[in-house]
Amino acid sequence: MFQPKKKRPRIRRTMSGLIALTLLSSLVFPSIAGAEPAEPSQVQFANVSVQAGQTVHIPVTLKQSYSQVSAYNMQIDYDTSALEVVRITPKSVSTISTSPEETGTGDFQYVINNEEGWVRIIWVDFNAGERLISDEQQLFDIEVKAKSNATPGTKQLTVVQSDSEHWHFTNLEHNSGAQLSGGTITITATNSGGDNSGSTPTPNPGNSSGGGGGSVSPTSPVVTPVPSTPAVTKGVDIYVNGQKQEQSATASTSTVNNQVTTTVHVDNDKVINQVGSGLRTLLLPITGTGKGAVVGELNGKLVKTMEGSNAEVVIQTDSGTYTLPANQIQVDQILNQFGSTVPLEDITIQIAIVPSATSKQTAIQAAADKLENTTVIAAPIDFEVKAIWNGQQVNVDRFNSYVERSITLPEGVDGSKITTGVVLQPDGSLLHVPTKVIKGNVQDSAIINSLTNSTYALIYHPATFSDVSSHWSRDDVQDLASRLIVQGTGENVFAPDRSITRAEFTAVLLRGLGLHSPRSTEAASFTDVKTGSWYEDEVQTAVSYGLISGYADDSFRPNSEISRAEALTIVSRAMKLVGLAQADASETTSLLSTYSDSAKVQAWAAEPVASAIKQELVQGADGKLMSDVDISRAQSAAIVKRLLAKAGLI
């Protein structure tokens, strides 16, 4: 707690006074003089989007610091033709704030000048090191309004980091600046009702994917749209372990921007009481909503309880189904975003199936038009998970394991006309996600498994190659080509018997698994993976998922041909990701012994090769494994397809 009786300096509330405030920190901490940090601190402005005429909150966070911060001073500049700053709110627990209109001097001070387009912010620890700021702590929040006449596009919050009067950080052990990232504001046109993209601004997740595979995005404000029709509430049936639970949920339906949304509110305490009898599945079946959006609402306490029981929540609608294990919601990470003292029952978890916005539908059709012989089947759908508390929102957009969701095909649409599901990328391209079609009595469904939440669509993209029409690999190659996993080498040519390079094999495996971006921000450090090369992102992604590790000399050798043993070693690591059992030591000897050339399998490859044999991904030829022979393009396609099929992903 701040001690008000402690004598504190009084400083004039002028810009020079604010700058002088940071200089006092060298008196409070005289030991910092002359010391230099090992690395600079990292400060992040969130990237956000906002409609013209609306406001948005921009969290400013100390992401990393090698010593605790004792003071900082910054001037943030912005374009007054499009933006104005509404207020600054300190977020660090150590702050006592004063604005220029308040008397006295606080630990945290600020001045806003919307005429010239800048805001000056200052903070100093006056308590002899008792209130230092550590990394992964939000410093303050900037509330910004996009002016009603603002032109759609991007604006940037800027800081002149070379000027100490505009950017200065003082640390406990050294006196230095810090590196700044983010601060992009994307302004969109006022929603006229034709696009159901909603009005909730959310920060760009950027590098928030986390090191453990699952991640939540930074907090952002919740902007509640005003319904154009009054909400209608009624009781609905939900099911626990297949048993109907009466009076355990209500559903409210309203219309916002021409989008009908049904929200199911679960009676959390009643469901928690079922845990003692072994809670496994919580089903929320909401039908009769047509193409409307459906949102299931639970609280954090129920989700945490379900997590302990390895239970899953299922949202079932007319347009699709979302099956989400509770442990993939990552309540503990969400709690860290909001604050560890927040009661779990006060956190609302929303799991939603939402028809994609008109702008996304247009982008998907445009991407399909660029592909040859491609048709979009059924309307695209967004699958979302959000956590909300006290006006703040966290998006859960990455998972530690594959999460299943389905899209129901319109009545009369033949599931055999679906070749794959695709995910819409930020650059407007479409990429494969593992998809299989299930025949139904009336309507077929496409089951999609993914490690992320996003916008998904279904396409029909039949592919054939003249040089595989009579080749043993024809079905495998053409199936993977229709899924956008493999490509030809020329006009209607695949070259099935040509060898494949290490980079090419890695790219094919990643496309098959639906891994299109790294799960962490840690950069791969291979000496021969050049910046800007076509395979740079693929190598980074494969490293982040533990699929490749390179050679002892820190090289990857991307353009070298890859042997069967090397390829199967990478595949065996992917087996862990898709949940396929690997061969243990005793099985390895037995599985390899049935091949006449097993002695040629080097020790480092023995277990991976045996694991591939165990899961019937390879059979060998003429009683031989040929582990040291280069693998071909056809063999690569066959192995990747078998891996996906064995894991039940296609």
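Shown above is the structure to which this text applies.
Note that this is a predicted model, so its numbers are computed, not measured. Counting from 1, residues in each chain are numbered in the order their sequence is written. Confidence filtering applies because this is a predicted model: local features only for residues at pLDDT of at least 70, side-chain atom pairs given and counted only at 80 or more, and all residues used for totals across whole chains, interfaces and linings. In computing side-chain values, all of the structure's heavy atoms are included and hydrogens and water are not.

### Notes on the overall build of the chain
The helix count covers DSSP runs of H or I at least four residues long, the strand count covers runs of E at least two residues long, and both are numbered beginning at the N terminus. Helix and strand counts for the chain come out as 13 helices and 33 strands. For the exposure calls, accessible area comes from a 1.4 Å probe over protein chains only, and a residue counts as buried if that area is under 20% of its type's maximum, exposed if over 50%, partly exposed in between. When each of the 650 residues of the chain is scored for burial, the buried share is 51%.

### Things to note about the sheet that holds strand β1 (residues 41-45)
Strands sit in the order β5-β9-β3-β1-β13 across an open sheet of five strands; the sheet is mixed. The sheet is open, and its two borders are formed by β5 (83-90) and β13 (178-182), each paired with just one other strand. Mean inter-strand twist for the sheet, computed between neighbouring axes without regard to direction, equals 20°. Pairing between β1 and β13: five bridges, direction parallel. Each bridged residue has a counterpart across the sheet, and for F45 the counterpart in β13 is G182. Note on pairing: DSSP must find at least two bridges between two strands before they are called paired. Fitted lines through C-alpha atoms serve as axes, helices being fitted only where they are in contact, and the angles separating the N-to-C directions of these axes extend from 0 to 180 degrees.

### Topic: the packing of helix α8 (residues 502-513) against helix α10 (residues 564-578)
Two numbers describe how α8 lies on α10: the axes approach to 11 Å, and their chain directions differ by 20°. The orientation of α8 relative to α10 falls into the category roughly parallel. Once α8 is placed against α10, the crossing between them reads as right-handed. Counting all contacts with α8, which are made through R502, F505, T506, L509 and L513, the residues of α10 involved are E566, A567, I570, V571, A574 and V578. In this scheme, roughly parallel covers angles under 35 degrees and roughly antiparallel covers those over 145, while 65 to 115 is roughly perpendicular and the rest are oblique. Crossing handedness is read from the near helix: turned anticlockwise from the far helix by less than a right angle, it gives a left-handed crossing, and turned clockwise, a right-handed one. Contacts are residue-level and defined by heavy atoms, with any inter-residue pair within 4.5 Å sufficient.

### Description of the pairing of strand β28 (residues 392-408)
The buried fraction of β28 amounts to 14 of the 17 residues, a majority that puts the element mostly inside the structure. Where strand β25 (residues 320-325) meets β28, four bridges bridge the pair, whose relative direction is antiparallel. Looking across to β28, one finds that T321 is bridged to S406. Here strand β27 (residues 375-389) pairs with β28 via four bridges, running antiparallel. If you follow I388 over to β28, its bridge partner there is Q393. Relative to strand β32 (residues 445-452), β28 is paired through seven bridges, and the arrangement is antiparallel.

### Let's talk about the pattern of salt bridges
Here the idea is simple: oppositely charged side chains can pair when their charged atoms come close. By definition here, a salt bridge exists when the distance from a side-chain nitrogen of Lys or Arg to a carboxyl oxygen of Asp or Glu is within 4 Å. Counted by the stated rule, this structure contains 18 salt bridges. Put simply, D475 and R474 hold a salt bridge, and the shortest N to O gap is 3.4 Å. Of the charged contacts in the structure, one is a salt bridge between K641 and D476, with a shortest N-O distance of 3.5 Å. On the criterion of sequence distance, the pair formed by K641 in helix α13 (residues 633-646) and D476 in helix α7 (residues 474-482) is long-range, its members being 165 residues apart.

### Concerning the sheet that holds strand β14 (residues 184-188)
One open sheet accounts for three strands, arranged β2-β14-β10; its pairing is mixed. This sheet does not close on itself; its edge strands, each paired only once, are β2 (48-51) and β10 (153-156). For this sheet the average axis-to-axis angle between neighbouring strands, irrespective of direction, equals 30°. The pairing of β2 with β14 spans four bridges and is classified as parallel. If you follow Q51 over to β14, its bridge partner there is T188.

### A word on the pairing of β32
Among the eight residues in β32, seven count as buried, and that is most of the element. Relative to β32, strand β31 (residues 435-438) is paired through four bridges, and the arrangement is antiparallel. The residue of β32 that forms the bridge with K436 is I447. Here β31 folds back onto β32 in antiparallel fashion, the turn holding six residues.

### Some points on unusual backbone geometry
With a phi close to 70°, A378 is a non-glycine residue in the positive phi region. For A378, a relative accessible area of 23% puts it in the partly exposed group. Phi angles above zero are rare outside glycine, and N390 is one such case at about 50°. Within the secondary structure, N390 sits in the loop between β27 and β28. Residue N390 is classed as exposed on the basis of its relative accessible area, which comes to 62%.

### Some points on the nonpolar core
Formed by 60 residues in total, the largest nonpolar core has its most connected members in Y402, L509, L513, L515, L547, V609 and L643. Elements with a contribution of two residues or more to this core: α7, α8, α9 (536-544), α10, α12 (603-614) and α13. Ranked by residue count, the leading element in this core is α10, at nine residues. If sequence neighbours within four positions are ignored, V609 has contacts with A565, L568, L592, V601 and L625. In terms of nonpolar packing, the next biggest core, distinct from the first, is built from 52 residues, V313, V331, I353 and F383 among them. Residues enter a nonpolar core if they are buried and are Ala, Val, Leu, Ile, Met, Phe, Trp, Tyr or Cys, with the set joined through side-chain atoms within 4.5 Å.

### Some points on the packing of α8 against α13
The N-to-C vectors of α8 and α13 enclose an angle of 25°; their axes lie 10 Å apart at closest approach. By the angle between their directions, the pair α8 and α13 is classed as roughly parallel. Crossing angle aside, the handedness with which α8 passes α13 is right-handed. Across from F505, V508, L509, G512 and L513 in α8, the residues of α13 making contact are S636, V640, L643 and L644. Residue composition of the contact of α8 with α13, grouped by class: seven nonpolar, two polar and no charged. Three residue categories are used. Nonpolar comprises Ala, Val, Leu, Ile, Met, Phe, Trp, Tyr, Cys and Pro, charged comprises Asp, Glu, Lys and Arg, and polar comprises the others, including Gly.

### With respect to the side chain of R120
On the secondary structure map, R120 appears in strand β8 (residues 118-124). Despite being buried, R120 has no salt bridge partner; E165 is the closest side chain of opposite charge, sitting 5.4 Å away. Side-chain atoms alone can form a polar contact between residues adjacent in sequence; in general such a contact is a pair of N or O atoms within 3.5 Å, and within protein one must be able to donate a hydrogen while the other accepts it. At a separation of 3.3 Å, a polar atom in the side chain of R120 contacts the main-chain carbonyl oxygen of E165. Only four residue types enter the charge count, namely Lys and Arg as positive and Asp and Glu as negative; His and the chain termini do not.

### Side note on the packing of aromatic side chains
For this analysis, a ring pair means two rings from Phe, Tyr or Trp (six-membered ring only for Trp) whose centres lie within 6.5 Å, classed as stacked if their planes differ by under 30 degrees, edge-to-face if by over 60, and tilted for the remaining angles. The tally for this structure, following the rule as stated, stands at 10 aromatic pairs. A centroid spacing of 5.4 Å and a plane angle of 45° characterise the contact between F465 and F494, whose relative ring orientation is tilted. On the criterion of sequence distance, the pair formed by F465 in the loop between β33 (455-460) and α7 and F494 in the loop between α7 and α8 is long-range, its members being 29 residues apart. Summarising the burial analysis for this pair, F465 and F494 share the class buried. Put simply, the rings of Y72, W123, F140, W167 and F169 pair up and form one aromatic cluster. For a lysine, the NZ atom is tested; for an arginine, the CZ atom; a charge sits over a ring if that atom is within 6 Å of the ring centre and within 35 degrees of the ring normal. The residue whose ring lies beneath R633 is F494, and the NZ or CZ to ring-centre distance is 4.2 Å.

### Some details on the environment of T281
Mapping T281 onto the fold places it in strand β22 (residues 281-285). T281 sits 40 residues away from N241 along the chain, and the two C-alpha atoms are 5.0 Å apart. Among residues more than four places away in sequence, those in contact with T281 are Y239, V240, N241, E312 and V314.

### Observations regarding helix α6 (residues 358-370)
The end-to-end C-alpha distance of α6 is 19 Å, a good match for the 18 Å that 13 residues give at a rise of 1.5 Å each. Taken residue by residue, α6 has I364, A367 and A368 as its buried positions. End-on view of α6: buried residues confined to an arc of 100°, all on one side of the axis. In this structure, α6 carries T362, D369 and K370 as exposed residues pointing more than 90 degrees from its buried face. Looking at the buried side of α6, the elements it contacts are β27, β29 (420-424), β30 (430-433) and β33. One less than the number of residues in a helix, times 1.5 Å, gives the span that helix is expected to have. This arc describes the spread of directions from the helix axis toward the C-beta atoms.

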